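Structural overview
So you can see what is in the structure, the chains are spelled out below.
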Amino acid sequence: MSIFNLLDILGTAAFAISGALAAMNRRLDLFGIFIIAFVTSIGGGTLRDVLIGNTPVTWMENTIYLYLIGTATALAIIFRNKLNYLKKSLFLFDTIGLGIFTIIGVETGLRVNLSPIVCVALGTTTGCFGGVIRDILCNEIPVIFRKEIYATASIAGGIAYMILYTFSIEENISYIITTGIVIAIRLLVVTYKVSLPIFTLKQKQ
Amino acid sequence: MSIFNLLDILGTAAFAISGALAAMNRRLDLFGIFIIAFVTSIGGGTLRDVLIGNTPVTWMENTIYLYLIGTATALAIIFRNKLNYLKKSLFLFDTIGLGIFTIIGVETGLRVNLSPIVCVALGTTTGCFGGVIRDILCNEIPVIFRKEIYATASIAGGIAYMILYTFSIEENISYIITTGIVIAIRLLVVTYKVSLPIFTLKQKQ
Amino acid sequence: MSIFNLLDILGTAAFAISGALAAMNRRLDLFGIFIIAFVTSIGGGTLRDVLIGNTPVTWMENTIYLYLIGTATALAIIFRNKLNYLKKSLFLFDTIGLGIFTIIGVETGLRVNLSPIVCVALGTTTGCFGGVIRDILCNEIPVIFRKEIYATASIAGGIAYMILYTFSIEENISYIITTGIVIAIRLLVVTYKVSLPIFTLKQKQ
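Residues numbered from 1 in each chain as written. Chains lettered and ligands numbered in written order. Predicted model: local features only at pLDDT ≥ 70, side-chain atom pairs only at ≥ 80, totals over all residues. Heavy atoms only, no water.

**Digging into the pattern of salt bridges**
Taken as a whole, this structure holds 9 salt bridges over all chains when the rule is applied. Its salt-bridge partner being A:D49, residue A:R48 comes within 3.0 Å of it at the nearest N-O pair. The pair formed by A:R48 and A:D49 is uniform in burial state, with each residue classed as buried. When the shortest N-O distance is used, the salt bridge between B:R26 and B:E140 registers 3.0 Å. Taken as a pair, B:R26 in the loop between α1 (2-25) and α2 (30-52) and B:E140 in the loop between α6 (116-137) and α7 (151-166) lie far apart in primary sequence, 114 residues in all. (Salt bridge = Lys/Arg side-chain N within 4 Å of Asp/Glu carboxyl O. Buried < 20%, exposed > 50% of the residue type's maximum accessible area, 1.4 Å probe, protein only. Helix = DSSP H or I, 4+ residues; strand = E, 2+ residues; numbered from the N terminus.)

**Let's talk about the relation of the copies chain B and chain A**
Its rotation angle being 120 degrees, the transformation that places chain B on chain A also includes 0.0 Å of axial translation and leaves an RMSD of 0.0 Å. Expressed as a symmetry operation, the mapping of one chain copy onto the other fits a three-fold axis. (Least-squares fit on C-alpha atoms with pLDDT ≥ 70 in both.)

**Details of the packing of aromatic side chains**
By the definition in use, this model includes 12 aromatic pairs over all chains. A centroid spacing of 4.9 Å and a plane angle of 65 degrees characterise the contact between A:F15 and A:F101, whose relative ring orientation is edge-to-face. A residue pair is termed long-range when its members are at least 10 positions apart, and A:F15 in helix α1 (residues 2-25) and A:F101 in helix α5 (residues 87-111) qualify at 86 residues. The exposure class assigned to A:F15 is buried, which follows from its relative accessible area of 4%. For A:F101, a relative accessible area of 7% corresponds to the buried category. Measuring from ring centre to ring centre gives 6.2 Å for A:F145 and B:F31, while their planes differ by 50 degrees; the resulting arrangement is tilted. Taken together, the positions of A:F145 in the loop between α6 (116-137) and α7 (151-166) and B:F31 in helix α2 put the pair across two chains. There is no split in this pair, since A:F145 and B:F31 are both buried. (Phe/Tyr/Trp six-rings, centres within 6.5 Å; stacked < 30°, edge-to-face > 60°.)

**Some thoughts on the relation of the copies chain C and chain A**
Mapping chain C onto chain A leaves a residual RMSD of 0.0 Å; the transformation is a rotation of 120 degrees accompanied by 0.0 Å of translation along its axis. Taken together, the interface assignments show that only 9% of the residues at the interface of chain C recur at the interface of chain A, consistent with different surfaces on the two copies. (Contact = heavy atoms within 4.5 Å.)

**Notes on the packing of α7(A) against helix α8 (residues 171-192) of chain A**
All names here are of chain A. Closest axis-to-axis distance for the α7/α8 pair is 9 Å, and the angle between their directions is 155 degrees. When the interaxial angle is binned, α7 and α8 end up roughly antiparallel. The chirality of how α7 crosses α8 is right-handed. In contact with A153, A156, G157, A160, Y161 and L164 of α7, α8 contributes S174, Y175, I177, T178, I181, V182, I185 and R186. (Axes fitted to C-alpha atoms, helices over the stretch in contact; angles between N-to-C directions. Parallel < 35°, antiparallel > 145°, perpendicular 65-115°, else oblique. Left-handed = near helix turned anticlockwise from the far one by under 90°.)

**Some thoughts on the UniProt feature "domain: Glycine transporter" (unreviewed entry) in chain A**
Residues and elements named next belong to chain A. In this numbering, the UniProt entry assigns the feature "domain: Glycine transporter" (unreviewed entry) to residues 6-80 and 92-165. Between the end C-alpha atoms of residues 6-80 there is a gap of 24 Å, over a span that is 83% helix and 0% strand. Between the C-alpha atoms that bound residues 92-165 the distance is 25 Å, and the span itself is 77% helix and 0% strand. (UniProt positions renumbered as here; feature names shortened; annotations may be inferred.)

**Let's talk about the packing of helix α2 (residues 30-52) of chain A against α5(A)**
All names here are of chain A. Across the interface, α2 lies against α5 with an axial gap of 11 Å and an inter-helix angle of 10 degrees. The orientation of α2 with respect to α5, classified from their angle, is roughly parallel. Across from S41, R48 and I52 in α2, the residues of α5 making contact are F101, I104, G105 and T108.

**Here's the deal with the interface of chain C and chain A**
Every contact between the two is made by 34 residues of chain C and, on the other side, 33 residues of chain A. Taken together, the two surfaces of chain C and chain A that pack against each other cover about 2,900 Å², and 70% of this comes from carbon and sulfur. Scanning the region where chain C abuts chain A turns up 0 salt bridges. Of all the elements in the fold, those that place two or more residues in the side of chain C that touches chain A are α2 (30-52), α6 (116-137) and α7 (151-166) of chain C. Among the elements that line the side of chain C that touches chain A, the one with the most residues is α6(C), at 8 residues. Here the side of chain C that touches chain A is built from residues that sort into 22 nonpolar, 6 polar and 6 charged. (Buried area = accessible area lost by both parts, 1.4 Å probe. Nonpolar A, V, L, I, M, F, W, Y, C, P; charged D, E, K, R; others polar.)

**Things to note about the interface of chain B and chain A**
Every contact between the two is made by 33 residues of chain B and, on the other side, 34 residues of chain A. Regarding the contact of chain B and chain A, the summed buried area is about 2,900 Å², with carbon and sulfur atoms giving 70% of it. Considering only the side of chain B, the residues that lose the most area to chain A are B:D29, B:F31 and B:M60, jointly responsible for 23% of the buried surface there. Taken together, chain B and chain A are joined by 0 salt bridges. Of all the secondary-structure elements, those providing two or more residues to the side of chain B that touches chain A are α1, α2, α3 (58-61), α4 (64-78) and α6 of chain B. A total of 8 residues in the side of chain B that touches chain A trace back to one element, the largest contributor, which is α2(B). Class assignment for the residues of the side of chain B that touches chain A results in 19 nonpolar, 8 polar and 6 charged.

**Quick look at a nonpolar patch on the surface**
Residues and elements named next belong to chain A. On the surface, I159, I163, F167, I169, I173 and I177 cluster together into a nonpolar patch covering about 540 Å² of accessible area. When residues of the nonpolar patch are traced back to their parent elements, those giving at least two are α7 and α8. Relative to the elements of secondary structure, I169 occurs in the loop between α7 and α8. (Patch = residues over 30% accessible without salt bridge, like charges linked within 9 Å, V, L, I, M, F, W, Y side chains within 5 Å. Areas by Shrake-Rupley, 256 points an atom, 1.4 Å probe, with all protein chains shown as cover.)

**Description of the environment of C:L47**
All names here are of chain C. Relative to the helices and strands, L47 resides in helix α2. Between the alpha carbons of L47 and T124 there is a distance of 11 Å; along the sequence they are 77 residues apart. Every residue in contact with L47, bar those within four places of it in the chain, is listed here: T125 and F129.

Structure follows, in structure tokens:
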């Protein structure tokens, strides 16, 4: 389990840093930066917990996340102009986070005996909705609805994990394959600039 | 109960289609269209379930809604430019949906023994807040706060249903009367272009 | 406890009035005004209840808040142009509300045995997130992330209350000290126009 925990920590920190950068970009103040970092990091898991009734939500029971996010955010503020050079590492951490959070979401659904499609939906919620809440708080249309194949990577990872689970594949192998799929899709998408189709309505509608 | 279920299906589909059209209008991508359609359709009921602690929320327990919304959204994308001709049918379905969802919300409140005013609030939440969440995700001030007597029709329907319930009127009759009231108010409002008052503040405020 | 209840009523009403004014400022209609007033007043407590699983949420169990908020909103609409002269009283009520709601949030956390840092977070949530939801519904970046030391006063109050609680100080004294600290910080901040730092990113980021 230690690889999983390490990846979880990396993902949480990466999400916090991406939130902190978005908040600084919007010229929010110190409190705003911490809140946006926090919400980006734990928003998806919190929404998942609330929807299935797993309360008090996870970060209230396990305060390690609060300290981890606080530290990551402080570092993001201090090194805000250096983070430019780290963009590729950040992208990697963020994608690892997406994979890990997707797995955690699917597993949560399995634990309360929800149907496979709902488990995948919970995985996507856990992986993507922190970013959605971040964008709403920053008064923007959530980026994952517009620009990038991000949620799709999470959905693909979730489906893969469900299939591996059905065939009783060993957990650690499932983790690595699932996260690998998410990373591979994200890398392909960014490299080849793929995006989902948009459907336009005729003007006089 | 079959009439009720039929109306529920019509309402759910109509809400999904209205969400899908809003998302295409905002030029969201395929994932964005599905999520907005989904949220418009089940957002109100989900908020209601979360507020009263009915978790896992309804659409997780009963996956038929996921498939129904998925199908309705796919059809909305395919026939997006034909839907123009169906605007009146869509208005009708949406209004039926509003009536039905209001009734479901009030009934949920009665089942957990909440007071009448809270039951009506739950009816309005179920009927209207899918659209509110849709508008927030699309980065707009929710339309029901600005332009139309929409929530008011839901409130009137909720109060009517509460009164009929108090007098132990037979359920199917209550359903028809309540939905009829909601439809009648909506039709009157749209025909005569009625709107709720706005109160302006003096400029130097 | 009567002083506490009186302050709670003042705070609830003040939050409702601030919500109603924001809604009128945005030219929302009558329904929009009531909803925004309502959400500003009970949004923070509702979010807190949902996060810890205290459902049905407080205002559903205790309908006095609905009537109180309804009355305060009606008065705000009637006297909307007179409220200008009351700006200082409103500021005072709002700050009292912030203090009281912070205390209620911290106490709720203590009651379900959450750790001190989570209790303070719940206090801040209860005190500040009604305003955050108000701003999101009005399509603005929440003001507490941008302009004012508002949340910080709530955090300071929450920490103070936790310390007083740890030393088993008598409740009424704790209430007064905590609310006093929140009011003092808010007064100092407004008088000297203090604000939290903003961290800018280099443009080419």
